[in-house]
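# Topology and contacts: notes
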Amino acid sequence: MGPGAGGGPGVPPSLPELRTKTTWMVSSCEVRRDGLLQRMNYGRNLERLGVGSRVGIRRGADDSMHILVDGEDMGPAATGIAKNVWAVLDLYGPVRSVSIVSSTRLEEPEGTQPPSPSSDTGSEGDEDDEDEEHGLGGEDHVSIMPTALEFLENHGKNILLSNGNRTATRVASYNQGIVVISQPLAPQLLVQVRIDFLNRQWTSSLVLGVITCPPERLNFPASACALKRAAWLLRGHGVFHNGLKICEKFGPNLDTCPEGTVLGLRLDSSGGLHLHVNGRDQGVAVPDVPQPCHALVDLYGQCEQVTIVSPEPGAASLKSTGTQGDMEKADMVDGIKESVCWGPPSAASPLKSCEYHALCSRFQELLLLPEDYFMPQPKRSLCYCESCRKMRGDEAHRRRGEPPREYALPFGWCRFNLRVNPHLEAGTLTKKWHMAYHGSNVAAIRRVLDRGELGAGTASILSCRPLKGEPRGGFEEPGENCAPPREEQPPPVLLSPSLQYAGAETLASKVQFRDPKFQRTHQAQVAFQVCVRPGSYTPGPPSAILREPPDPHFSPAELEWVTKEKGATLLYALLVRVE
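The name given to the protein chain in an unreviewed UniProt entry is Neuralized E3 ubiquitin protein ligase 4, with the source organism recorded as Myotis myotis.

Structural data, given as C-alpha cells:
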C-alpha cells in the first residue's frame, strides 16, 4: 500500500475496496493494482493454503514486490513499488486469525542488482522500475541432472534424433513431431530446449508441456493437442489440460518465439509447473501436477528443430547459462531491460526480431526519415506487442513528473526512440516533466521532426540553429508604408496520457502500405510520445468523436490535454502500429 495510507479511520470492509492510495494486492492467484487486474496465474493460489501455511511479502532492491509461500519465492508480482510502503493483510472468508512469525531483511544476491540507466539511454527518467532477474534472487536453487538429458527413442514418426539424442528435427510435413525427454522431471530441475530452426511457410509453432503416463510405449498422435489423458500443455499463450483450454492468456505467445529462444519447464516443491523463457520465470502455469511426469515438446508448424540446453556443471544460478548471458545487455529503456524484448539484437546474438517488431521496422524504413533523428542500436527501439511486454512483465501504467501524473504504456505499438537535442536536454528532458501521446499522420512526421516539437517552432531536435527558409530571430526594419506584423497564434496541440485515445483513428489516421518482404497489404498508424512541461496544458474531456469508448483507466474529465504554449513539448519517440 502506498505511503501515507497506514492507520486512520475509514478502512474499507475488504482490501479490494481500498482506493485512497496506490495499492498492490495479491488475491487467490491474481495481482491487482488499485483494484484493476494486472496479472493472472501468479504463484500458488492463496485460497488453497491451509492452517500452518506461512505467507511472506518482501520488496526487492529493484522496487519489485515478491510473495513467499512456506519460504518459496513466487517471483516478482509487481514492479515500481515505492520505498515507504505498508504491508496489509485482509482476513477474509474462512481466515479468522494470523500471527507474525518473523520479520527478516533479505539480502539481494550479488549480480541481481539492476543497473542504473544513464542519461543517454533513452529511458523515461530515473523511475527505478527495472524488472528483477526472474528466477534469480530469492528463488529456490535449480537442480542439475547428474546425467545428460536426452530425448526418448519413442517419438513422432516425422522426428529424426541426432547429437546424442539431444537434437530433434522434424523432417517432413507440419505435424507428427512429438518428442519426450527420457528422464522424469524432478522437482527444481529446470529442463530447457532451444528453438534452432523455424519454417515460416507454416503457421503456429511448438507446444510445450508434461505428461504423467509412461511415454516409452505411448502411441503419439499427430499433434500434442490430441492427447486426451494425463497431459498439461502450453500452446500459444494458452494452457490446456487433456485437450481443453483451462487458461486463456499465460505468459508470452509461444507462436511468436524467434529462433534462438530458450524455453524451460520446472516443477517447484509444491508441484507447480513453471514456464521459463530465456531464463526468466513466467510464473506457475499449472498447479499441483502429478508426479512422476515427463517434459514433452511438439515440433509443430513453424518449429522444425530444437536442442536440449543444460546448465554448465556447477552452475549456481540461471545467469550462469551461456544463452542467458549472451542475450543480456544492461541497456535500459523505459525503466526495463531492453534485451528481453525480441527486438533487433546485436550482430553476435543468434536471436531474430519478433515478427511484429520486424514489420513495424520495415514500415518505419519506408518513411525515408533521416537516421540522425533516431537513437542508434541497441537503444533505437522497443516493442510493446503482447509477447514482448509479457516477457518483460510491463505494468499497464506508470507515473512521471512533478507532481506525478499517470500515463499508459503504448501497448500494441512499437517505439522508435528519438535523439534529444543536447542543448535542450539539461533544461527540459527531466523526470519533472509529464509523459503524453499525440496522434499524427504520415504526411506530418518529417515536418514535426524538423521543428523538434509539436505545433509551431523553429528549433530542430538536432540543432539549435534556425531551419533553412525560416525567419531568423530578432526584429527587422519594416518596409515603408507597411503595417507592423501581427504575431501568429500557434494552433492548439492535443495530447493524452492514453494512447488508446490519442491513437484513435480520428486523431491518428491510418495509411495502407505493402510490406516489401512478404508483399502483403497492411494498415499503419503513427503517433508521437512527448515530454510535456507541467502547467503548460489544460486537461479536459475528449473532443474527438470515437468509435470505441475511451480508456476507462483515466477520468473522462482529464483524458485530453490541450496546450498552446511554444516549447511546452519535447519529442521523445515515434510510435508505429501496424494491423
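That covers the picture; the talk isn't over yet.
This paragraph deals with the overall build of the protein chain. Helix and strand counts for the protein chain come out as 6 helices and 32 strands. Of the contacts made within the protein chain by residues no fewer than 6 positions apart, 70% connect residues no fewer than 24 positions apart. Split by element, the accessible area of the protein chain, about 27,800 Å² in all, is 52% carbon and sulfur.

Our focus in this paragraph is the packing of aromatic side chains. By the definition in use, this model includes 5 aromatic pairs. A centroid spacing of 5.4 Å and a plane angle of 45 degrees characterise the contact between Tyr174 and Trp202, whose relative ring orientation is tilted. Residue Tyr174 is located in the loop between β8 (167-170) and β9 (178-180), and its partner Trp202 is located in the loop between β10 (191-198) and β11 (207-211); the two are separated by 28 residues in the primary sequence. In this structure Tyr174 comes out as partly exposed when scored by relative accessible area, which is 34%. On the basis of relative accessibility, which here comes to 26%, the residue Trp202 falls in the partly exposed class.

With that settled, the discussion passes to the sheet that holds strand β15 (residues 262-267). If you walk across this open sheet you meet the 7 strands as β7-β8-β19-β10-β15-β16-β17, and the pairing is antiparallel. The strands lining the two open edges of the sheet, one partner per strand, are β7 (159-162) and β17 (280-286). Averaged over neighbouring strand pairs, the angle between their axes works out to 25 degrees when direction is ignored. Alignment of strand β16 (residues 273-277) against β17, held across 4 bridges, turns out to be antiparallel. Of the residues in β17, the one forming a bridge with His274 is Val284.

Moving on, we come to the environment of Val207. As for its position among the elements, Val207 is in strand β11. Residue class for Val207 comes out buried when judged on its relative accessible area of 2%. It is 5.8 Å that separates the C-alpha atoms of Val207 and Leu234, two residues lying 27 residues apart in sequence. For Val207, the contacting residues outside a window of four places in its chain are Ala224, Leu233, Leu234, Arg235, Leu296, Val297 and Asp298.

The next subject is helix α2 (residues 355-366). Given a rise of 1.5 Å per residue, 12 residues ought to cover 16 Å, and the 17 Å separating the end C-alpha atoms of α2 matches this to within 8%. The set of residues buried in α2 consists of Tyr356, His357, Ala358, Leu359, Cys360, Ser361, Arg362, Phe363 and Gln364. In this fold, the buried residues of α2 make contact with β22 (381-383), β25 (414-417), β28 (511-514), β29 (521-532) and β32 (569-578). Leu368 lies just past α2 and shows a positive phi near 55 degrees.

Taken together, the 3 strands give an open sheet; going across it, the order is β27-β31-β30, and neighbouring strands pair in antiparallel fashion. On the outer flanks of this sheet lie β27 (493-495) and β30 (538-540), each paired with one strand and no other. Mean inter-strand twist for the sheet, computed between neighbouring axes without regard to direction, equals 30 degrees. Looking at chain direction, β30 and strand β31 (residues 560-563) are connected through 3 bridges and run antiparallel. Bridge pairing links Gly540 to Glu560 in β31.

Counting 40 residues, the largest nonpolar core has Phe151, Leu265 and Val306 as the members making the most contacts within it. For this core, the element with the highest residue contribution is β10, accounting for 4 residues. Sequence-distant contacts of Phe151, defined by excluding residues within four places in its chain, comprise Leu161, Asn165, Arg166, Thr167, Ala168, Val179, Val180, Ile181, Ser182, Val193, Val306 and Ile308. Among the nonpolar cores identified, the runner-up in size contains 34 residues, and Tyr356, Cys360, Cys414 and Leu418 belong to it.

What follows concerns a nonpolar patch on the surface. Side chains of Leu89, Leu91, Val95 and Val98 sit close together on the surface and give an oily, nonpolar patch of about 370 Å² of accessible area. Looking at the secondary structure, you find Leu89 in the loop between β6 (72-78) and β7. The exposure class assigned to Leu89 is exposed, which follows from its relative accessible area of 67%.

Conventions adopted
- Residues numbered from 1 in each chain as written.
- Predicted model: local features only at pLDDT ≥ 70, side-chain atom pairs only at ≥ 80, totals over all residues.
- Heavy atoms only, no water.
- Helix = DSSP H or I, 4+ residues; strand = E, 2+ residues; numbered from the N terminus.
- Contact = heavy atoms within 4.5 Å.
- Areas by Shrake-Rupley, 256 points an atom, 1.4 Å probe, with all protein chains shown as cover.
- Phe/Tyr/Trp six-rings, centres within 6.5 Å; stacked < 30°, edge-to-face > 60°.
- Buried < 20%, exposed > 50% of the residue type's maximum accessible area, 1.4 Å probe, protein only.
- Pairing = 2+ DSSP bridges.
- Axes fitted to C-alpha atoms, helices over the stretch in contact; angles between N-to-C directions.
- Expected span 1.5 Å × (residues − 1).
- Core = buried A, V, L, I, M, F, W, Y, C linked by side-chain atoms within 4.5 Å.
- Patch = residues over 30% accessible without salt bridge, like charges linked within 9 Å, V, L, I, M, F, W, Y side chains within 5 Å.
- Salt bridge = Lys/Arg side-chain N within 4 Å of Asp/Glu carboxyl O.

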